[in-house]
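This is what each chain is made of:
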Amino acid sequence: MKLDSLIPAPLRKPAKPGEGNGSKNAAPADLKTSPPERPSDTERLTDKAKDAPADVLAWVDQRTAASGFLTGMLYRKVPKGTNWFYTLGSAALFAFIVQAVTGVFLAMFYTPSPTEAYASISHINNDVFLGQFVHGMHKWGSSLMVILIFLHMGRTFFFGAYKYPRELNWVIGVVLLILTMTMAFTGYLLPFDQRSFWASVVGININGTGPVVGPYLSDFLRAGPELGATTLSRFYAIHMLLLPGAIIALIGAHLYLVVKLGTTAPPWVRAEKPKIAAPVSQLDAGAEGNGAPPPR
Ligand code: HEM
């Protein structure tokens, strides 16, 4: 099984004469003049080893049929005129992955208790190998992720990508933004120093001023009459279990819709094309990405 066979036929490189895989073209050009040399045992073993990754992929594919989905996703058509602004969504995704990976390592050393939290973070920064680096990546990465999401949101807004049929993806994006900000808010308390303590008191009180649900929300976040040990463990559980789970699920739905509906062409490319309204079922995975309104 060669890696080549996983690539859809129309995208495969045409075989050169004399090259191939057992088809008519496979015989070497000079077959008539000199007999083919038999490969040595070492050569045969090396060839087998080279094919091993493709064989494993084929084994998994036979049992999951994942290659259909992957080729559909990786070889999907994108409209003309896409540019660097279209990478902001993937950059936000990368920032989230960095947060998740660094967060796992921090969780190995962090203790969510009012008396030990600060000491455990000092230990990470001062004693653990690469601890300060990983902690720094997580701390600065959180701001970077929020900035990237805002820029990505700006791109989708100014390119009109929130319009039919992508309204639901916009709404999912808004929920992702809220959850990411909640991640940043709950993470801020975790060092449990003076700054994080009082910033969280202020944040919880601001939540309490919201209409109808505000007071319930601040009571839920404080987890008691005063900010203390239960608040810290509640924030930690929300920060490292509840929110990452919800964000992963929503990013999955977000990307599913991106692949299903295709990418919106930039407004200046759309302006060149006649606007043809098409129902979602007939959209060719964004080949045109005309973003035209539905028929009235
Ligand atoms: C964790 C946060 C987010 C991640 C990881 C993410 C990821 C992505 C990716 C990878 C794409 C496809 C590439 C691209 O167009 O940039 C995309 C498209 C899109 N995203 Fe996001 N996104 C996030 C948040 C948001 C937010 C906050 C909004 C808006 C409120 C949003 C709205 C959209 C829309 C409408 C599209 C379709 C764009 C088009 O058709 O051209 N996303 N997102």
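Only a predicted model underlies this, so the values are computations on that prediction, with no experimental measurement involved.

Asks: Break down the overall build of the protein for me, citing the residues and quoting the values.
Replies: The helix and strand tally for the protein stands at ten helices and zero strands. When the elements of the protein are put in sequence order from the N terminus, they spell out α-α-α-α-α-α-α-α-α-α. The proportion of buried residues among the 296 residues of the protein is 29%. A separation threshold of at least 6 residues defines the contact pool for the protein, and within that pool the share at least 24 residues apart is 69%.

Asks: Let's hear about the packing of helix α3 (residues 88–107) against helix α9 (residues 229–261): which residues, and what values?
Replies: Axis angle and axis distance: for two packed helices, these are the angle between their axes and the distance between the axes, and together they describe the pair. The N-to-C vectors of α3 and α9 enclose an angle of 150°; their axes lie 12 Å apart at closest approach. One finds that α3 runs roughly antiparallel with respect to α9. Where α3 crosses over α9, the handedness of that crossing is left-handed. Here Leu 93, Phe 96 and Ala 107 of α3 come into contact with α9, specifically with Tyr 236, Met 240, Pro 244, Ile 247, Ile 248, Ile 251 and Leu 255. Within the contact of α3 with α9, the residues separate by chemical class into ten nonpolar, no polar and no charged.

Asks: Quick one: what's the story with the site of the ligand, residue by residue and with numbers?
Replies: Contacts to the ligand come from 24 residues, most closely from His 152, Arg 155, Gly 173, His 254 and Thr 264. The contact in question runs from an oxygen atom of the ligand to an N or O atom on the backbone of Gly 89, over 3.2 Å. Between the ligand and His 254 there is a distance of 2.7 Å, counted from a nitrogen atom to a side-chain nitrogen or oxygen. Residues belonging to the shell around the ligand are distributed by class as follows: 13 nonpolar, nine polar and two charged.

Asks: Hey, could you go over the coordination of the iron atom of the ligand for me, with residue numbers and the actual values?
Replies: For the iron atom of the ligand, every protein donor is listed as His 152 (NE2) and His 254 (NE2), and the spread of their distances is 2.0 to 2.1 Å. Taken together, the six donor atoms coordinating the iron atom of the ligand and their angles of 84 to 179° define a geometry best described as octahedral. Of this pair, His 152 sits in helix α5 (residues 131–158) while His 254 sits in helix α9; the two residues are 102 residues apart in sequence, bridging distant segments of the chain.

Asks: Account for the pattern of salt bridges, naming residues and giving values.
Replies: One pass over the full model with this rule turns up two salt bridges. Here Asp 41 and Arg 44 are joined by a salt bridge, their closest N and O atoms 2.9 Å apart. Taken as a pair, Asp 41 and Arg 44 lie in helix α1 (residues 41–64) at a separation of three residues, close to a single helical turn. A salt bridge links Arg 222 to Asp 219; the nearest nitrogen and oxygen atoms lie 3.4 Å apart. Within this pair, Arg 222 and its partner Asp 219 are both found in helix α8 (residues 214–222), separated by three residues, close to a single helical turn.

Asks: Can you explain a nonpolar patch on the surface? Please cite residues and give values.
Replies: A surface patch of nonpolar side chains, about 550 Å² in accessible area, is lined by Ile 97, Val 101, Val 104, Phe 105, Met 108 and Phe 109. With respect to the element layout, Val 104 can be found in helix α3.

Asks: Summarise the packing of helix α4 (residues 117–126) against α5; cite the residues concerned and give the values.
Replies: Interaxial distance between α4 and α5 falls to 5 Å at its minimum, and their mutual angle equals 115°. For the pair α4 and α5, the contacting residues are Ile 121, Ile 124 and Asn 125 in the first and Gly 131, Gln 132 and His 135 in the second. Taken together, the residues of the contact of α4 with α5 break down into two nonpolar, four polar and no charged.

Asks: Run through the packing of aromatic side chains, naming residues and quoting values.
Replies: Counted by the stated rule, this structure contains eleven aromatic pairs. When the ring of Phe 192 is compared with that of Phe 197, the centres are 5.9 Å apart and the planes differ by 85°; the resulting orientation is edge-to-face. Overall, Phe 192 belongs to the buried group, its relative accessible area being 16%. Members of the aromatic cluster, connected to one another through ring pairs, are Phe 85, Tyr 86, Phe 159 and Trp 268.

Asks: Go over α4, please, and point to the residues and values.
Replies: What α4 keeps buried is the set Ala 117, Ser 120, Ile 121 and Ile 124. Seen along its axis, α4 keeps its buried residues to an arc of 100°; they face one direction. Where α4 is buried, its residues meet α3, α5 and α9.

Asks: Account for the side chain of Ser 200, with residues named and values stated.
Replies: Within the element layout of this structure, Ser 200 appears in helix α7 (residues 194–208). Assessed through its relative accessible area of 1%, Ser 200 is described here as buried. Here the side chain of Ser 200 touches Ser 196 through a polar contact of 2.8 Å, landing on its backbone oxygen. With sequence-adjacent residues up to four places away left out, Ser 200 is seen in contact with Phe 185, Leu 189 and Leu 227.

Asks: Can you lay out the environment of Leu 177 for me, pointing to particular residues and giving the numbers?
Replies: In this fold, Leu 177 is placed in helix α6 (residues 167–189). With relative accessibility at 11%, the residue Leu 177 sits in the buried group. Note: C-alpha distance between Leu 177 and Ile 247 (70 residues apart in sequence) is 9.4 Å. The contacts of Leu 177, once residues within four sequence positions are left out, are Ile 149, Phe 150 and Met 153.

What counts, and at which threshold
Residues numbered from 1 in each chain as written. Predicted model: local features only at pLDDT ≥ 70, side-chain atom pairs only at ≥ 80, totals over all residues. Heavy atoms only, no water. Helix = DSSP H or I, 4+ residues; strand = E, 2+ residues; numbered from the N terminus. Buried < 20%, exposed > 50% of the residue type's maximum accessible area, 1.4 Å probe, protein only. Contact = heavy atoms within 4.5 Å. Axes fitted to C-alpha atoms, helices over the stretch in contact; angles between N-to-C directions. Parallel < 35°, antiparallel > 145°, perpendicular 65-115°, else oblique. Left-handed = near helix turned anticlockwise from the far one by under 90°. Nonpolar A, V, L, I, M, F, W, Y, C, P; charged D, E, K, R; others polar. Near = heavy atom within 4 Å. Polar contact = N/O pair within 3.5 Å; in protein donor to acceptor, adjacent residues only side chain to side chain. Donors = N, O, S within 2.8 Å, 3.2 Å for Na, K, Ca; no water. Tetrahedral: all angles 85-135°; square planar, octahedral: opposite > 155°, others 65-115°. Salt bridge = Lys/Arg side-chain N within 4 Å of Asp/Glu carboxyl O. Patch = residues over 30% accessible without salt bridge, like charges linked within 9 Å, V, L, I, M, F, W, Y side chains within 5 Å. Areas by Shrake-Rupley, 256 points an atom, 1.4 Å probe, with all protein chains shown as cover. Phe/Tyr/Trp six-rings, centres within 6.5 Å; stacked < 30°, edge-to-face > 60°. Arc of directions from axis to C-beta.

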